[in-house]
Amino acid sequence: MITKSSVRILTFVVITLFSLHLLSAQDNDPTMLTFERIFSGEFNASTFTFNKWLGDGEYYTNLEPGGYAMNVVRYNTLTNERSVLVNGDNLIPEGSEDPLSYNDYSWSNDGQIMLMFTNTRRVWRTNTKGDYYIYNLQTDRMRQIGKGRPASSLMFAKFSPDDRQIAYASGGNLFVENVETGEQRQLTEDGNGDVFNGTFDWVYEEEFACRDGFRWSPDGRYLAFWQVDASKIRDFLMINNIDSTYSYTIPVQYPKVGEAPSKVRVGVVDLKNGQTRWLQIPIGDDWPYLPRMNWLEDSGKILVQQLNRKQNSNRLWLCDPADGSTRNVYTESDACWVDVTHPDPTMSWDMTDPHVLDGGKAILWTSEKDGWRHFYRLSMKDGSDQLLTKGDYDIARMYLVDEASQSIYFNASLDNPTQRYLYSLPLKGSDQPQRLTPADQPGLHQYDIAPNGRYAIHTWSNLNTAPTVEMISLPDHKRLRVLVDNSNVQQLYDQLKRSKAEFFKITTEDSVEMDGYIRKPWNFDPSKKYPVLFYVYGEPWGQTATDSWDGQLFHELMAQKGYLVITMDNRGTPALKGREWRKSLYRKIGIVNSRDQAMATKEILKWPYVDANRIAVWGWSGGGSMTLNLLFRYPDLYGTGVSVAPVADQLLYDNVYQERYMGVPWENKQDFIDGSPITHAHKLEGNLMLVHGTGDDNVHYQNSEALIDVLISEGKQFSMMAYPNRSHSIYEGRGTRPHLYRLIMNYITQNTPPGGRAAGKTSKP
């Protein structure tokens, strides 16, 4: 007998099985994204890594799978002729049975000795400590460099110009080692946990991109190096609660806003007698920073750049290594700040030195003093300069000065700040640079140009086109061959139900024109109203609206779920829009940039398909700060926000970054207070999720705890997730990244429901 109860049970089973079938079918649907798919790796675009130019660039090497280990393969750049240069199976260290596994490699100047970096350890953001081995192609001999030193303690090993010696840092001191005999020689004695010879402290690495802290002279006689004395820098204590029964602290030498920086000086070791001479650069509280130093080739002189505390003046010192004498040859000043390095999506996070011209008689200098970032020929004799690039456009990156053709190769974009292209210019200067990138390849282009200027490894993508890597000839920009073809990734993206991302410009009521792009739901219906998810950054170290492949599957997933996903660049971001654009937020971080975003949002709310009652925003680091400022300052616009690793109080961040853009607190402390989200936390009305790693050595977890304390005192409800021992990037530990992004997705979808709705319906969550 079939009862009513059994019918209900049967009905439930049928519905459940049907639902599971639908879910299974959706999981296998190549047109739809799932949370699991975005972390599966199937959409990862390939890159061209571990390639090294040999000599002047007629050949290059790369790593390719061999037997049990990676082989080093040499290619003729023009013909693509291939030969195995080093059989990885033969790279067996003494006392081992297995081939060496290494993380990176470099070549001696004559291309006959390979230097391998292995057993690496992380120092702050990157793995810069490890062990080094050399392999001689002529003798087929391999041995360890720095044998006897503590394991994984060597840093930045590099050959002397004649390839007879290798210098490296270890334990805070500098060493040189004879390549043939292995004889080691210690050059400095005072390195310890507070004094670093040839390397840097935390803030120099983070804010000046300073890691490798020593340089061979062109003749190999001298070794110039930075010495950093961080003994007076106070330790910030991070707490590890999970790796032992009793918690313990992790000290980080970290100079907060207003605190004095490390003492830094430049020494020169004469390798003939082992004596160190200190360059006579006047260093004091007002002029503490030495962020750049390079040899001026045939002149035998050293050029050192010195920044004042406010970082709005840069002195260039011409230094004689023989007697340590110095001469201030030029000073660059700005009413706001001067850059020794500037962020750009085509730049790697490395130290960049000015290119030396005429054997050291001049340098190629970059300045914004005419309102745009341009090249100047700067004389080392009298400091006179000659403007080489003219016009209302910015240089994004300098690649190479080709002495043979007397040309400069550089990246710029003369009419679209979201893109980057390769240009050339006569070294004597010109009113109009020549674009070398083909006109039919809109987007963002990056180049690794051979030393001879005849070839380049060219990477190109745009917002809707996966990266292609090719070998080209220059200056004709002719494709010689494709090195990486991501057409398989492109096909996967093209299979998805998605609307192609679209760029737009929007002008605010303050007459500020901003660039942005939008991802719409695949089934977008302009007669309906949709929620918006804004992704923000908005500070001087990031431009989000660039015409490049971002691989942001999370944003694609949110668009498929029914969100308009938008990012925009406000004033103060490093867009190629001139000095005025970039420096308009001086002493106004948190104020100008958040207003630009909010006023642009007001214009977007006028779009007929935008639901003004469903507006969410999220960001990380500076974007986390921006998210807080938008929620607190403009509660009438933003209903939901997820703030990851934010600077809640600008006085809690490091001195180099925050003082560069905000001034020094003993002159204008109120500006720091006014721009900090924590000051405005009492205005919170919407939904806030605060996320932070407790092991963040960059933006300390202290920021979030300070904000939490204020929110509690103000009676404001919010959500919070702390990731134990995770750093600023919140990636350490199994399952961390999927957990984080699922958290963000769930919070946004729960508080700002997705999907298009009929125009007449209200949608306030």
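Bear in mind the structure is a predicted one, so any value in this text is a computation, not a measurement.

Caption draft 1: Summary view of the pattern of salt bridges. By the definition in use, this model includes 39 salt bridges. For R143, the salt bridge identified is with E177, shortest N-O distance 2.8 Å. One end of the pair, R143, is in strand β8 (residues 141-145); the other, E177, is in strand β11 (residues 173-178), with 34 residues separating them in the sequence. Note on E177: relative accessible area 1%, which makes it buried. One salt bridge in this structure joins D344 and R420, with 2.9 Å as the shortest N-O distance. In this pair, D344 sits in the loop between β23 (326-333) and β24 (355-357) while R420 sits in the loop between β29 (407-412) and β30 (421-426), placing the two residues 76 residues apart along the sequence. What emerges from the salt-bridge pattern is a single network uniting D334, E368, R373, D394, R579, R582 and K583.

Caption draft 2: Quick peek at the nonpolar core. With 51 residues, the main nonpolar core has Y204, F208, W226, L279, I302 and V304 as its most contacted residues. Of all the secondary-structure elements, those providing two or more residues to this core are α3 (202-208), β15 (222-229), β16 (235-240), β18 (263-270), β20 (289-295), β21 (302-307), β22 (313-319) and α9 (655-662). Look past the residues within four positions of I302 in its chain and what remains in contact with it is A224, V268, L279, M293, N294, W295, W317, L318, C319 and P321. Counting residues in each nonpolar core, the second largest holds 39 residues, with M568, W581, V617 and L637 among its members.

Caption draft 3: Region of interest: the sheet that holds strand β1 (residues 52-54). As summarised here, the arrangement of the four strands in space is β1-β2-β3-β4, forming an open sheet in which the pairing is antiparallel. The open sheet has two edge strands with one neighbour each: β1 and β4 (82-86). Recorded for the sheet is a direction-independent mean angle of 40° between the axes of neighbouring strands.

Caption draft 4: Molecular detail of the packing of helix α5 (residues 553-561) against helix α12 (residues 736-751). With their axes 12 Å apart at the nearest point, α5 and α12 run at an angle of 25° to one another. With respect to α12, the element α5 is oriented roughly parallel. α12 is crossed by α5, and the crossing has right-handed handedness. Here F554, L557, M558 and K561 of α5 come into contact with α12, specifically with Y741, I744, M745, I748 and T749. Taken together, the residues that form the contact of α5 with α12 break down as seven nonpolar, one polar and one charged.

Caption draft 5: Expanded view of unusual backbone geometry. Following L474, the chain continues into P475 via a peptide bond in cis, with omega recorded as 10°. Within the element layout of this structure, P475 appears in the loop between β34 (465-473) and β35 (478-485). Located in the positive-phi region is A209, a residue other than glycine, with phi close to 60°. Its place among the elements puts A209 in the loop between α3 and β14 (214-216). Of note in this structure, N725 is not a glycine but carries a positive phi near 60°. Secondary-structure assignment places N725 in the loop between β43 (719-723) and α12. You can call N725 partly exposed: its relative accessible area is 24%.

Caption draft 6: Looking closely at the state of the cysteines. Across all of its chains, the model carries zero disulfides by this definition. You can see C319 has no disulfide; the closest cysteine sulfur is in C210, sitting 16 Å from it. By relative accessible area, C319 is classed as buried at 0%.

Caption draft 7: Highlighting the packing of helix α7 (residues 592-604) against helix α8 (residues 622-633). Put simply, α7 and α8 touch, their axes get as near as 10 Å, and they point 65° apart. One way to sum up the angle between α7 and α8 is to call them roughly perpendicular. Between α7 and α8 the crossing geometry is right-handed. Counting all contacts with α7, which are made through N593, S594, Q597 and A598, the residues of α8 involved are M626, N629, L630 and R633. Its residues assigned to classes, the contact of α7 with α8 shows three nonpolar, four polar and one charged.

Caption draft 8: Looking closely at the pairing of β8. With five bridges connecting them, strand β7 (residues 126-136) and β8 associate as antiparallel partners. Looking across to β8, one finds that I134 is bridged to R143. The antiparallel pairing of β7 with β8 creates a hairpin that spans four residues between the two strands, and D140 there sits at a positive phi of about 60°.

Caption draft 9: Region of the structure containing the packing of aromatic side chains. In the structure shown here, the tally under the stated rule is 36 aromatic pairs. Judged by centre distance (5.3 Å) and plane angle (80°), the rings of F43 and Y493 are edge-to-face. Of the two residues, F43 is situated in the loop between α2 (35-38) and β1 and Y493 in helix α4 (residues 487-495); the sequence distance between them amounts to 450 residues. Judged by its relative accessible area of 3%, F43 is buried.

Caption draft 10: Layout of the confidence of the model for the chain. For the chain, per-residue confidence averages 93 on the pLDDT scale, and residues scoring 70 or more make up 96% of the total. In the predicted structure, residues 1-26 sits below a pLDDT of 50 and forms two contacts with residues beyond four places in sequence or in another chain.

Caption draft 11: Geometry of the sheet that holds strand β32 (residues 444-449). If you walk across this open sheet you meet the four strands as β32-β33-β34-β35, and the pairing is antiparallel. Strand pairing shows two members of the sheet lacking a second neighbour, β32 and β35, which therefore form its edges. Ignoring which end each strand starts from, the neighbouring axes of this sheet average 25° apart. The pairing of β32 with strand β33 (residues 455-462) spans six bridges and is classified as antiparallel. Residue pairing across strands places L444 opposite S461, the latter belonging to β33.

Caption draft 12: Region of the structure containing α9. Burial of α9 is extensive: eight of the eight residues sit out of reach of the surface. Within α9 the residues assigned to the buried category are N655, V656, Y657, Q658, E659, R660, Y661 and M662. If you follow the buried residues of α9, they end up packed against α3, β20 and α10 (665-675). Sitting at the amino-terminal end of α9 is D654, which places a side-chain oxygen 3.0 Å from the backbone nitrogen of V656.

Caption draft 13: Examining α10 more closely. When we look at burial in α10, the residues that qualify are P665, N668, D671, F672 and G675. The buried residues of α10 occupy an angular sector of 130° when projected down its axis, which confines them to one face. Here the buried face of α10 lies against α8 and α9.

Caption draft 14: Inspection of the environment of V203 at higher detail. Residue placement: V203 occurs in helix α3. Given a relative accessible area of 1%, V203 falls into the buried group. Counting along the chain gives 521 residues from V203 to P724, while the straight-line C-alpha distance between them is 23 Å.

Caption draft 15: View of the side chain of T544. Examined against the element boundaries, T544 turns out to sit in the loop between β38 (528-536) and α5. Of note is the side chain of T544, whose polar atom sits 2.7 Å from the side chain of T567. Those residues in contact with T544 that lie beyond four places of it in its chain are Y517, Y535, Y537, T567, M568 and D569.

Caption draft 16: Up close: the environment of F175. Checked against the element boundaries, F175 lands in strand β11. Using a relative accessible area of 4% as the deciding quantity, one classes F175 as buried. Placed 530 residues apart in sequence, F175 and E705 show a C-alpha to C-alpha distance of 44 Å. Setting aside anything within four residues of it in sequence, one finds F175 in contact with R149, I166, A167, Y168, S170, R185, Q186 and L187.

Conventions and cut-offs
Residue numbers run consecutively from 1 along every chain, following the written order of its sequence. pLDDT decides what is reported in this predicted model: residues at 70 or higher carry local features, side-chain atom pairs at 80 or more are listed and counted, and totals for whole chains, interfaces and linings draw on all residues regardless. The side-chain numbers reported here are obtained from all heavy atoms of the structure, hydrogens and water having been left aside. When a carboxyl oxygen of Asp or Glu lies within 4 Å of a side-chain nitrogen of Lys or Arg, that pair is called a salt bridge. Helix numbering and strand numbering both begin at the N terminus, where a helix is a DSSP run of H or I of at least 4 residues and a strand a DSSP run of E of at least 2. A simple rule labels every residue: compare its accessible area, found with a 1.4 Å probe on the protein chains alone, to the largest value its type can have, and call it buried under 20%, exposed over 50%, or partly exposed in between. As used here, the term nonpolar core means buried Ala, Val, Leu, Ile, Met, Phe, Trp, Tyr and Cys residues forming a set that is joined through side-chain atoms within 4.5 Å. Contacts: residue pairs with any heavy atoms within 4.5 Å of one another. Any two strands with at least two DSSP-identified bridges between them are counted as paired. An axis is simply a line fitted to the C-alpha atoms; with a helix, the fit covers only the stretch in contact. Between two such axes, the angle follows the N-to-C directions and lies from 0 to 180 degrees. In what follows, roughly perpendicular refers to angles from 65 to 115 degrees, roughly parallel to angles under 35, roughly antiparallel to angles over 145, and oblique to any angle outside these ranges. In this scheme the handedness of a crossing depends on how the near helix is turned from the far one: anticlockwise by less than a right angle means left-handed, clockwise means right-handed. Gly is put with the polar residues, along with every residue not named as nonpolar or charged; the nonpolar set is Ala, Val, Leu, Ile, Met, Phe, Trp, Tyr, Cys and Pro, and the charged set is Asp, Glu, Lys and Arg. Pairs of cysteine sulfur atoms within 2.5 Å are what we label disulfides. Two rings from Phe, Tyr or Trp (for Trp, the six-membered ring) form a pair when their centres sit within 6.5 Å of each other. Planes less than 30 degrees apart are called stacked, planes more than 60 degrees apart edge-to-face, and all others tilted. Every residue carries a pLDDT, the predictor's confidence in it, which falls somewhere between 0 and 100. Any pair of nitrogen or oxygen atoms within 3.5 Å is treated as a polar contact; in protein, a donor-acceptor pairing is required on top of that, and neighbouring residues in sequence qualify only through side-chain atoms on both sides. Throughout, the arc means the angular range of directions from the helix axis out to the C-beta atoms.

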